[in-house]
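# Working through the structure, step by step
Here are the chains, one letter per residue:
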Amino acid sequence: MTLMEMLIKEGYPKEEFFHHYSDLYIFATPMTQRVVNQWCKDNGYHRDLFVSTFHDQQTGKLMYDVAFQYDPFWQGKRI
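Presented here is an overview of the structure given in this document.

Calculation notes
- Residues numbered from 1 in each chain as written.
- Predicted model: local features only at pLDDT ≥ 70, side-chain atom pairs only at ≥ 80, totals over all residues.
- Heavy atoms only, no water.
- Helix = DSSP H or I, 4+ residues; strand = E, 2+ residues; numbered from the N terminus.
- Rg over C-alpha atoms; globule rule 2.2 N^0.38 Å.
- Buried < 20%, exposed > 50% of the residue type's maximum accessible area, 1.4 Å probe, protein only.
- Contact = heavy atoms within 4.5 Å.
- Areas by Shrake-Rupley, 256 points an atom, 1.4 Å probe, with all protein chains shown as cover.
- Salt bridge = Lys/Arg side-chain N within 4 Å of Asp/Glu carboxyl O.

## Quick word on the overall build of the protein
Check the secondary structure of the protein and you find 4 helices and 4 strands. Relative to the compact-globule value of 12 Å for 79 residues, the protein shows a C-alpha radius of gyration of 12 Å, a close match. A principal-axis box enclosing the C-alpha atoms of the protein has dimensions of 35 × 25 × 25 Å. Here the protein holds 79 residues, and the buried ones make up 35% of them. A sequence separation of at least 24 residues applies to 52% of the contacts in the protein between residues at least 6 apart. Total accessible area on the protein is roughly 5,500 Å²; 51% of this is exposed by carbon and sulfur atoms.

In structure tokens, the structure reads:
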């Protein structure tokens, strides 16, 4: 299951998915922290390699930048 699928399953609002190319931007909340940590654990990923944080310029809220996890970017692409 992709990170976006896991977040949707947990109730993360689809309209709060943002991105830059393949990088996924989501608001940092206790729920997203739990899901991101579980996704890393499930896939054997070291969190520091894939996840960084920044403050959204419009809201000032903390966000996660998760490398390569914006699913629509990858649809139709051949790797």
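That shown, we press on.
## Section: the pattern of salt bridges
Tallied over the full model, the rule gives 1 salt bridge. Of the charged contacts, one joins Arg34 and Glu10 as a salt bridge, the two residues approaching to 3.2 Å between their closest N and O atoms. With Arg34 in helix 2 (residues 30-43) and Glu10 in the loop between helix 1 (3-9) and strand 1 (18-20), this residue pair connects regions lying 24 residues apart in the sequence. The class for Arg34 is partly exposed, based on a relative accessible area of 46%. Of the residues examined, Glu10 reaches a relative accessible area of 40% and is grouped as partly exposed.

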